[in-house]
Amino acid sequence: HTLGHAIEHYEHFTWRHGQAISVGMVYAAELARRLGYVEAGLVQRHRDVLACAGLPVSYDGDWPALRQAISLDKKTRGETTRFVVLERLGKPRIVAGVDEAVLAASYADVVIGKGLVGLFYAMLVALILMALNNGFAGQLWLTLSALVLGAVFLDGGFEAARKAVQRQWQPRRA
């Protein structure tokens, strides 16, 4: 979760420790996947469990500044940055001297994941509210379109999805 400590530093400690570490755990999982230790399914499991706990699983900061902060981490020895990754579920491993391109690509995976998590929550909210309102298929397309725009393209995540659904589906009065 080394990236989590870098996020705390980069954000001047305005992020809660657990939130930053959550993103760092996803980064470590992505790094382990890119190094060939774990499969994509285990990375997604990280994302799912952390997101279900209400923790962030993505972050979009300045990679060069974050990389510089990572080099200040306590696990760095001289010029070599070490990371703790999973070799498999329940089996951690220390990796050192990871290629900079792999580190950057793993970070890009953390940034890209942001819209996907927002889309998941948007779809979940839409399904729940449609069930509660006994909506009809004519509004389904409009609702889902609004959710996709809010969650993915505008990166509004859960809150934008909730607002879009509220605009499309007004509660029925008896």
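Data block above holds the structure.
Now for a quick tour of the structure. (Residues numbered from 1 in each chain as written. Predicted model: local features only at pLDDT ≥ 70, side-chain atom pairs only at ≥ 80, totals over all residues. Heavy atoms only, no water.)

As a rule of thumb, nonpolar side chains are buried together in soluble globular proteins. L3, Y27, W63, L66 and F83 are the most contacted members of the largest nonpolar core, which has 28 residues in total. Elements with a contribution of two residues or more to this core: α1 (2-10), α2 (17-34), α3 (40-52), α4 (63-70), β1 (82-88) and α5 (100-133). With 7 residues, α2 is the largest single contributor of residues to this core. Each residue touching F83, except ones within four places of it in the same chain, is listed here: T2, Y27, L31, I70, R93, I94, V95, V98 and L103. (Core = buried A, V, L, I, M, F, W, Y, C linked by side-chain atoms within 4.5 Å. Buried < 20%, exposed > 50% of the residue type's maximum accessible area, 1.4 Å probe, protein only. Helix = DSSP H or I, 4+ residues; strand = E, 2+ residues; numbered from the N terminus. Contact = heavy atoms within 4.5 Å.)

Now for the environment of L42. With respect to the helices and strands, L42 occurs in helix α3. Looking at L42, the relative accessible area reads 16%, which means it is buried. Those residues in contact with L42 that sit more than four places away from it in its chain are L86 and L89.

In this section: the packing of aromatic side chains. As enumerated under the stated definition, the model contains 4 aromatic pairs in all. With a centroid separation of 5.1 Å and 85° between ring planes, the pair formed by W15 and Y59 is classed as edge-to-face. With a gap of 44 residues between them, W15 in the loop between α1 and α2 and Y59 in the loop between α3 and α4 connect regions that are remote in the sequence. According to the relative accessible area criterion, Y59 is buried, its value standing at 4%. An angle of 25° between the planes, with centres 4.9 Å apart, marks the rings of W63 and Y107 as stacked. Here the residue W63 occupies a position in helix α4, and Y107 occupies one in helix α5, the gap between them amounting to 44 residues. Looking at W63, the relative accessible area reads 15%, which means it is buried. (Phe/Tyr/Trp six-rings, centres within 6.5 Å; stacked < 30°, edge-to-face > 60°.)

Function cannot be read off these values alone, since they describe shape.
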